Amino acid sequence: MERTLILETIRKAGEEVKVAGWVYVRRDHGKIVFVDLRDRSGILQCVVTPKTKNYAEFKKIKPHWILEILGEVKKRPEKLINPELVTGEIELEVKEYKIISETEDLPIDISSENLNLHLETLLDYRNLTIRNKKVGMIFKVYAEILKSYADFLRSRGFLEIKTPKIISSATEGGANFFKIKYFDREAYLAQSPQFYKQAAIGAFEKVFEIGPIFRAEPHFTSRHVNEFVGLDAEMGFINGPDEIMDELEETMKYILTKVKENCQEELETYGAEIEIPEKIPRLKFAEAIVILKKEFGKITEGVDIDPEGERLICEWAKKEHRSDFIFLTNYPWEIRPMYIMPNPKNPKETFGFDLLYRGVEIASGGQRIHNYNQLVENVKKKKLNPEDFEYYFQIFKFGMPPHGGWGLGSERIVQKILGLKSIKEAILFPRDVKRLIP
C-alpha cells in the first residue's frame, strides 16, 4: 500500500490507509494510547488499543520516533472533534505499525506551541526547533514570499538570472567583504549582484534574482546577519526613479496579498495582521530630517537616518498616511554608491531611495548612471580608482539604456510580517558574527 499524506486522510473516512511520520505527542489513557503523528502536511490523531498488532511493544515508543502506521480512518464522535486541527474531525484506528527510526531523549521539548527559549538556545538546537509547528510556520510564510516575488516579476516580463557569488575584487568600493582563498589567489564573496544585474540589462532589459548576499559587518542587532537572501531586480528603459518605486510597490502589494490569502493559519498563530496600502507614501530624505526634528524632537547626526529615525518616520507614515510602508527618496550623494544617478537639479542629492516597513529598511534602490563618461567622473568624485572597475565600465561602452532597480532583504519582510523579535528567527540556519553552526 502506498503512503497517504496526513492531510489527505480527511477525505478517506472508512478507508484503510498507511501513514508515516514523527510521533509529535503521546498521551496514555489506561489501555488506550493516543498519538499525534506529524508529517509535512499536518498532524493526525492515531488511536492504539489492545487490538493493535504488537500492542505490548508500543509502550517503549517515545515522542519523535518515526513510525509507519496502517489503520482505518474513522469519524470522531462530535463531542471529541478537535477544532484546533485540520484533521480534527477524524482519527486513525491503528491496526499495525512499524518503527522506522528511534530517537534519543530530546534535550528540549519541541511539542509545546510556544517554545519560550532564549534565542541562543533556539539556534543551538536549530536541527530540532525547526520541527516545532509554530517555528515551522515561519518558513511556510517565507516560502510564500519567495514564490510570490518570483511569480509577480515573471508576470511583468522579468527574466530570472543567477549571478556569481565568488568575485575577484571588492566591487562596490566598500570594505565589508569576506575574503576567501581561491586556488592560488584571493577572492571575495559577493555583497550584491549589482554589477551583474546591470550587465544583464544590456541583454534582457528586465531581470531579477533570488540569491545569497554576504556582508562582513560586525553587527550585534536584531535586524542584521552576515548572510541573507536578497530579492534583487533591475529594469531598463525607465524614465526616472518613480518607475522603479512603482514597480517595487506593486511587487510588495502582490507579495502581501498572497501571504494573506495562502498563510491564514500561520498569520493567526502569530497574531499577525497584514495591511495593504492603496498607495505607499514617498518622502524626500531632507523632508524626513525636518519631520524628525519637528514631530519628535530628534536631531539627525551625520548625513544618514539611524534605526531610531527609521522607526519614527514609520510611525509618522502610519499616523499621517495609514501606511506601514514609506519610501524615502533623494538620498544624499555622499552616502550612496558611485553608480547611483545624481539628481541633475541638485547634485547633492541622488535618485536613490529606501523602502521602510514597520520601522525597518527592507529595500534600497534607485536609478543608475548609464552614461560611461558620467560614471567614470562619479567614481573619481567618490575618490575611487577607475582602474578597479575596468570590467564594470565595459558594460557602458557598448550602449546601455536608462535603468534602475532594487535589493530587498527577504528575511526582514518575514520578520516584520510575523513580528519576530530577531531576524535570526526568520532564517533556517543563521550566520552572524559568532555563529557558524549548526
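Summarised in this report is the structure supplied together with it. Counting restarts for each chain: residues are numbered from 1 in the order of the written sequence. Selection of residues for local features in this predicted model requires a pLDDT of at least 70, selection of side-chain atom pairs for listing and counting requires 80 or more, and totals for whole chains, interfaces and linings are taken over all residues. In computing side-chain values, all of the structure's heavy atoms are included and hydrogens and water are not.

This part is about the overall build of the protein chain. The helix and strand inventory of the protein chain stands at 11 helices and 18 strands. Its C-alpha atoms give the protein chain principal-axis dimensions of about 85 × 55 × 40 Å. Residues classed as buried in the protein chain amount to 50% of the 438 residues present. Whether two residues touch is decided by their heavy atoms; if any such pair falls within 4.5 Å, the residues are in contact. Within the protein chain, residue pairs in contact and separated by at least 24 positions form 65% of the contacts whose partners lie at least 6 positions apart. Counting only carbon and sulfur atoms, one obtains 50% of the accessible surface of the protein chain, whose full area is about 22300 Å². Here a helix means four or more residues in a row that DSSP labels H or I, a strand means two or more in a row labelled E, and each is numbered from the N terminus. Between buried and exposed lies partly exposed: a residue is buried under 20% and exposed over 50% of the maximum accessible area for its type, with that area taken using a 1.4 Å probe on protein chains only. Residue exposure ignores everything except the shown protein chains as possible cover, and the areas themselves are Shrake-Rupley values with a 1.4 Å probe.

This part is about the nonpolar core. In plain words, nonpolar cores are sets of buried Ala, Val, Leu, Ile, Met, Phe, Trp, Tyr and Cys residues tied together by side-chain atoms within 4.5 Å. With 51 residues, the main nonpolar core has Tyr-149, Leu-408 and Leu-418 as its most contacted residues. Considering every element that reaches this core, the biggest residue donor is helix α3 (residues 133-155), with 11 residues. Non-local contacts of Tyr-149, meaning those with residues more than four positions away in its chain, are made with Phe-208, Glu-209, Ile-210, Leu-231, Asp-232, Ala-233, Thr-251, Ile-255, Trp-406 and Leu-408.

Interhelical geometry of helix α4 (residues 194-204) versus helix α10 (residues 390-397) gives an angle of 25 degrees and a closest axis separation of 10 Å. Taken together, the axis directions place α4 and α10 in an arrangement best described as roughly parallel. Pair α4 / α10 crosses with left-handed handedness. Side by side, α4 and α10 meet where Phe-195, Gln-198 and Ala-199 of the first sit next to Tyr-392, Ile-395 and Phe-396 of the second. Each residue belonging to the contact of α4 with α10 can be placed in one class, and the counts come to five nonpolar, one polar and no charged. Inter-axis angles, ranging from 0 to 180 degrees, are taken between N-to-C directions of lines fitted to C-alpha atoms, where helices are fitted over the stretch in contact. For classification, angles of less than 35 degrees are called roughly parallel, those exceeding 145 degrees roughly antiparallel, those between 65 and 115 degrees roughly perpendicular, and all remaining angles oblique. By convention the crossing between two helices is left-handed if the near helix lies anticlockwise of the far one by an angle smaller than a right angle, and right-handed if it lies clockwise. When residues are grouped by polarity, Ala, Val, Leu, Ile, Met, Phe, Trp, Tyr, Cys and Pro land in nonpolar, Asp, Glu, Lys and Arg in charged, and all others, Gly among them, in polar.

Another point: the layout of surface pockets. One way to see where empty space is left: roll a probe the size of a water molecule over the atoms. When its volume is computed, the largest pocket comes out at roughly 1400 Å³. Using only the protein atoms, space was sampled on a 1 Å grid; points where a 1.4 Å probe fits but cannot get out form cavities, open sets with protein on both sides within 12 Å along at least five of seven lines form pockets, and lining residues are those with an atom within 4 Å of a point. What lines the largest pocket is a set of 47 residues, among which Arg-215, Glu-217, Arg-336, Glu-361 and Ser-364 lie closest to the centre. Those elements giving two or more residues to the lining of the largest pocket turn out to be α4, β11 (227-236), α8 (307-321), β17 (360-367), β18 (403-409) and α11 (410-418). Tallying contributions element by element places β17 first for the lining of the largest pocket, with five residues. Residue composition of the lining of the largest pocket, by class: 19 nonpolar, 13 polar and 15 charged. Grid points are joined across faces, edges and corners, and a volume is the space filled by probe spheres set on the points. Computed from the structure, the second largest pocket encloses a volume of approximately 650 Å³. Surrounding the second largest pocket, 22 residues form its lining, Asp-39, Arg-40, Ser-41, Gly-42 and Lys-140 being those nearest its centre. Those elements that provide at least two residues to the lining of the second largest pocket are β2 (32-39), β3 (42-48), α3 and α6 (264-269). At five residues, α3 tops the list of elements feeding residues into the lining of the second largest pocket. Among the residues forming the lining of the second largest pocket, the class breakdown is eight nonpolar, five polar and nine charged.

Contact geometry for α3 and helix α5 (residues 241-262): axes closest at 9 Å, N-to-C directions at 135 degrees. Relative to α5, the element α3 is oriented oblique. Handedness of the crossing formed by α3 with α5: right-handed. Seen from α3, the contacting residues are Val-141, Glu-144, Ile-145, Ser-148, Tyr-149, Asp-151, Phe-152 and Leu-153; seen from α5, they are Glu-247, Glu-250, Thr-251, Tyr-254, Ile-255, Lys-258, Val-259 and Asn-262.

What follows is about the packing of aromatic side chains. Geometrically, a pair of aromatic rings is defined through the distance of the ring centres and the angle of the planes. Each pair of aromatic rings taken from Phe, Tyr and Trp, with Trp reduced to its six-membered ring, is defined by centres within 6.5 Å and is described as stacked if the planes are under 30 degrees apart, edge-to-face if over 60, and tilted in the remaining cases. Applying the stated criterion to the full structure yields 15 aromatic pairs. Consider the rings of Phe-195 and Tyr-339, whose centres lie 6.2 Å apart with planes at 85 degrees: the pair is edge-to-face. Placement of Phe-195 in helix α4 and of Tyr-339 in the loop between β13 (325-329) and β14 (342-343) is noted, with a sequence separation of 144 residues between them. Note on Tyr-339: relative accessible area 6%, which makes it buried. Taken together, a centroid distance of 5.6 Å and an interplanar angle of 85 degrees make the contact between Phe-327 and Phe-353 edge-to-face. You can see Phe-327 sitting in strand β13 and its partner Phe-353 sitting in strand β16 (residues 352-357), a full 26 residues away along the chain. No difference in accessibility class separates Phe-327 from Phe-353, as the two residues are buried. Grouping aromatic residues by their ring pairs yields a cluster made of Phe-195, Tyr-339, Tyr-372, Phe-389, Tyr-392, Phe-393 and Phe-396. In this structure, Lys-134 is placed above the aromatic ring of Tyr-270, and the distance from its NZ or CZ to the ring centre is 4.9 Å. Remark: a charge is flagged as sitting over a ring if the NZ atom of Lys or the CZ atom of Arg is within 6 Å of the ring centre and within 35 degrees of the ring normal. For Lys-382, the ring lying beneath its charged end belongs to Trp-333, and the centroid distance is 4.0 Å.

To continue, consider helix α9 (residues 372-381). In an α-helix there are 3.6 residues to a turn, and that puts residues three or four apart on one side. Among the residues making up α9, those that are buried are Leu-375, Val-376, Asn-378 and Val-379. One face of α9 carries all of its buried residues, which in axial projection span an arc of 160 degrees. For α9, exposure combined with an orientation more than 90 degrees from the buried face picks out Asn-373 and Lys-381. Contacts from the buried residues of α9 go to β14 and α10. Here the arc refers to the set of directions running from the helix axis out to each C-beta atom.

Strand pairing is assigned whenever DSSP identifies at least 2 bridges connecting the two strands. In spatial order, the strands read β6-β10-β11-β18-β17-β16-β13-β12; together these eight strands make up an open sheet with mixed pairing. Looking at strand neighbours, the two that pair on one side only are β6 (159-160) and β12 (282-284), the edges of this open sheet. When β16 meets β17, the two strands line up antiparallel, connected through six bridges. Bridging from a neighbouring strand, Phe-353 pairs with Gly-365 of β17. In the packing of α8 onto the sheet, the strands contacted are β12, β13, β16 and β17, and the crossing angle to β13 comes to about 120 degrees.

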